[in-house]
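Per-entry structural report
One-letter residues, chain by chain:
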Amino acid sequence: MSLQDTLQAVKALKAKERYDALKKPFELYSEHVDVTGSELACLTILVNLVSKDAVELEDLRHAKHVLKSDEFWGKFSKVASQLHTHNLKWPDSRVNLKHHIRALPEIGVLPKFGWSGNSGDYRFGRLLTSTFIWQGLEHSLISVWLGDFVAWRKAAYKLGITKVFWYQIKRDLEDLFQESHFPDVVDSYSPELQFPYKDQYLTVTPVASHETQLAIQHVTGLPMHSLSFPHPSALGVLCGSLGGHVRLIRLSPLGNQNVQRSSLGSLSLKNYLNPYVLTAIPAINLYRRIVDVRTYSSLRLKRRARLNALNTLDGILAEWVAPLVQVKLSSNVDGRIDGLGAEEQEFVESSSVDIEEFSRYLNRKLHGVLELGKYSRKFSYHQRLVGVTQKRLASLLRRLLLAETQSESNNTTFIILKSLRINEANGLNNPYVVGMPSIIGLYGFLHRFECQLREIYADISVDSFALHCGEYSYHASNNLPAPSIPDKEMRIKRSGITPEFKFDGKFSIIVKLHCLTDNAVLDVEQIKAAVPERLWGGSVHPPYLYENTEWAAIAYGSADLKRYLIRNLFFGNWITPEGEDGLELRKHLEKLNGKNELSLCLVGYKLLEKVKPRSVVSGIHAFCEPVVDLCCLKQTHKVIKPTKSIEQELFWRYVPVTQNCTTLRVSPVCGETHAASQSAEL
């Protein structure tokens, strides 16, 4: 909608309603209004929004009066110098007002600017950051002033700005935005993270990108979480325009999966081949998709829909037969098990299984279960379903039992930390996505684990790692920061509350070791002693004693690891690399829509400047932006494939730092070198 149409539409409204209607198009969260041909009206409204005394925003006389004030231009210059591309005050408004970051490209158009500073200057921050459409392109007051467009210069002349003063302000803005700006010191309230860098450590401070945060406010079709700040204008113009309610994408490492938490010792008759898995509403809807004959616009879409349905069917069948397979592979089950039929008992006890014959038995049992259901009986022995389920069951059994017969090299050593309880972990590890555990944070945990392990085994290092989530729950609350601000009577008071997002869960970690010697003998008890006590800002605990589980184990070779996964980590999700880095966050979000197996997680940090000496613990420092990349949530039966290495499916690896690195991140084991190895300097 154009500004001219808006002005016509609000004429019949009352003064207060007219004020709000004209103010809304210039807020950061609103869709851009087209001001082509209405440059004078746009400039008048923006200037009047600065004044608290303006009654009519389109009042030309009042705008001229405001522009004559020296106080206006003093604050104009002050706020212009505080414009940023990355907000240092997010999410802690206690960061010093003098610290600002402007990461500007060497060539090309200027990025979108945000503002943070004294909340009393909020109106001026809105004046300089409000965006609109002019002649088909997105602009702000800064860009049209620097562009020296005739239409805008004439509009300024009509408001009393002289030609000399126009070009004086233009020169000041050109000097201000000629090069990037970074603070010389690191504020005490800014976070500091340390990464291995050559032969020492590099300290980095993550900062939020204003442009990316603004884009996320317009995301639709994904679950969102709102953080509420009590003093929004103190954090910046974006948070202030949203009334303190900033939206972030909320994701879970379990996705939409209903995790079964039964342990092997608690399995009973109702757990083996549980009929509910086959007759639940999601399963009924899936059968309907498989048997229905639909018309698609292309053969490619038809194949894609078919493949998606079969993958979902594999998940249902895997959940149905998994307890039985786990019993077969378990070494602590002896004798006859109550509740199993003759064929099932023979499957559990037999050393060699006829997979084709047993899959036909399971298929008959499956369709017998469907026949007993009120809503599933019409799918029992359906001609378009019975053959499909038999083939998928046979394929699934081959995949799960493959680890028993496959012979692979045992040269690789894996450490398995099973079902670690993580309490009060930080789910707000980046300013864009909440709820997902940080993969780069897991690397920090394993780096400390490696350092402590080397005190026992000097020739061992961490090569790569994998992460599994078995249980997960989150809770959002408000945090009361430490008292820090003295009042006029020198009494210490708190700076207000800050929102937080915590999660608890059970996570399993697999660590692939690189051993310099072939005859290294590892002791599980010594490995347990080397496990750090903190992960993702939360506390790490072993499983409860009543669970009677061994939470640390060693596997030699991929075949041994696969057997362990099927026996102990069948349920839950693996957070695996997707291998499609280099995409913008906007394209990542497009891929997320309609794909429940995809998610986003923090994988590293992109440096915004060259490494510089600053007053930090390590002595060298750089400001950086969080890197959020795609990951895939996979169940165990999907990652155990005979045609692909399990390391390529599951494992992450920290990209080594090169001479002129621009990114500190983790990436897939099978992936090529990413941005961290680029030689292009910032």
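Residues numbered from 1 in each chain as written. Predicted model: local features only at pLDDT ≥ 70, side-chain atom pairs only at ≥ 80, totals over all residues. Heavy atoms only, no water.

**What about the confidence of the model for the protein chain?**
As a reminder of what qualifies: For every residue, the pLDDT score states the predictor's confidence, bounded by 0 at the bottom and 100 at the top. The helix and strand labels rest on DSSP assignments: H or I over at least four residues marks a helix, E over at least two residues marks a strand, and numbering proceeds from the N terminus. Contacts are residue-level and defined by heavy atoms, with any inter-residue pair within 4.5 Å sufficient.
With 87% of its residues at a pLDDT of at least 70, the protein chain reaches an overall mean of 82. When mean pLDDT is compared element by element in the protein chain, strand E18 (residues 538-541) scores highest at 93, while strand E15 (residues 492-493) scores lowest at 54. In this model, residues 403-407 is a region of pLDDT below 50 whose contacts with residues beyond four sequence positions or in other chains number 10 contacts. Contacts for the low-pLDDT stretch residues 671-682, under 50 throughout, to residues beyond four places or in other chains number 31 contacts.

**A few points about the packing of helix H3 (residues 39-50) against helix H8 (residues 150-158)**
Definition in use: Axes here mean lines fitted to C-alpha atoms, for a helix over just the part in contact, with angles spanning 0 to 180 degrees between N-to-C directions. The scheme is simple: roughly parallel for angles under 35 degrees, roughly antiparallel for over 145, roughly perpendicular for 65 to 115, oblique for anything else. Crossing handedness is read from the near helix: turned anticlockwise from the far helix by less than a right angle, it gives a left-handed crossing, and turned clockwise, a right-handed one. When residue character is reported, Ala, Val, Leu, Ile, Met, Phe, Trp, Tyr, Cys and Pro are called nonpolar, Asp, Glu, Lys and Arg charged, and the others, Gly included, polar.
Running from amino to carboxyl end, H3 crosses H8 at an angle of 55°, the nearest separation of the two axes being 9 Å. When the interaxial angle is binned, H3 and H8 end up oblique. Where H3 crosses over H8, the handedness of that crossing is right-handed. Here H3 contributes Glu39, Leu40, Cys42 and Leu43 to the contact with H8, which in turn contributes Ala151, Trp152, Ala155, Ala156 and Lys158. Among the residues forming the contact of H3 with H8, the class breakdown is 7 nonpolar, no polar and 2 charged.

**Describing the packing of aromatic side chains**
To describe a pair of aromatic rings, one takes the distance between the centres and the angle between the planes. Quick note on the threshold: Each aromatic pair joins two rings of Phe, Tyr and Trp (for Trp, the six-membered one) with centres within 6.5 Å, and gets the label stacked for planes under 30 degrees apart, edge-to-face for over 60, and tilted for any other angle. Here the term buried applies to any residue with accessible area under 20% of the maximum for its type, exposed to any over 50%, and partly exposed to those in between, with areas from a 1.4 Å probe on protein chains only.
Evaluation of the coordinates by the stated rule reveals 25 aromatic pairs. Their ring planes at 50° and their centres at 5.9 Å tell us that Phe76 and Trp145 sit as a pair that is tilted. Taken as a pair, Phe76 in helix H5 (residues 70-81) and Trp145 in helix H7 (residues 141-147) lie far apart in primary sequence, 69 residues in all. Note on accessibility: Phe76 and Trp145 belong to one class, buried. Each member of the aromatic cluster is reached from another via a ring pair, and the members are Phe72, Trp73, Phe76, Phe124, Trp145, Phe165 and Trp166.

**A few points about the sheet that holds strand E9 (residues 224-228)**
Filter applied, for reference: Between any two strands, pairing holds if DSSP finds at least two bridges.
Here we have 3 strands laid out as an open sheet, ordered E9-E10-E12, and mixed in their pairing. In this open sheet, the two strands that pair with only one neighbour each are E9 and strand E12 (433-434). Two strands pair when backbone bridges link them, and strand E10 (residues 245-250) and E12 are joined in this way by 2 bridges, in the parallel orientation. Within E12, the residue paired with Ile249 across the bridge is Val433.

**A short note on the pairing of strand E21 (residues 598-607)**
Across the 10 residues that make up E21, a large majority, 9, are buried. Where E21 meets strand E23 (residues 620-634), 9 bridges bridge the pair, whose relative direction is antiparallel. Counterpart to Leu600 in the pairing with E23 is Leu630. Sheet topology places E21 next to strand E25 (residues 663-668); 3 bridges connect them, and they run antiparallel. Following the sheet pairing, Gly604 is matched in E25 by Arg665.

**Focus on the environment of Glu31**
As for its placement among the helices and strands, Glu31 is situated in the loop between helix H2 (15-23) and H3. Expressed as a C-alpha distance, the spacing of Glu31 and Ile133, which sit 102 residues apart in the sequence, is 9.7 Å.

**What about helix H19 (residues 439-454)?**
Basically, it comes down to this: Expected helix span is computed as 1.5 Å times (number of residues minus one). Definition of a polar contact: a pair of N or O atoms within 3.5 Å, with one able to donate and the other able to accept a hydrogen when the atoms are protein atoms, and with sequence-neighbouring residues admitted only if both atoms are side-chain atoms.
Between its first and last C-alpha atoms H19 spans 22 Å; for 16 residues at 1.5 Å apiece the expected length is 22 Å, and the two agree. Inspection of H19 places Ile439, Ile440, Leu442, Tyr443, Phe445, Leu446, His447, Phe449, Glu450 and Leu453 among the buried residues, and these make up the whole buried set. Of the residues that open H19, the one with a side-chain oxygen 2.9 Å from the backbone nitrogen of Gly441 is Ser438.

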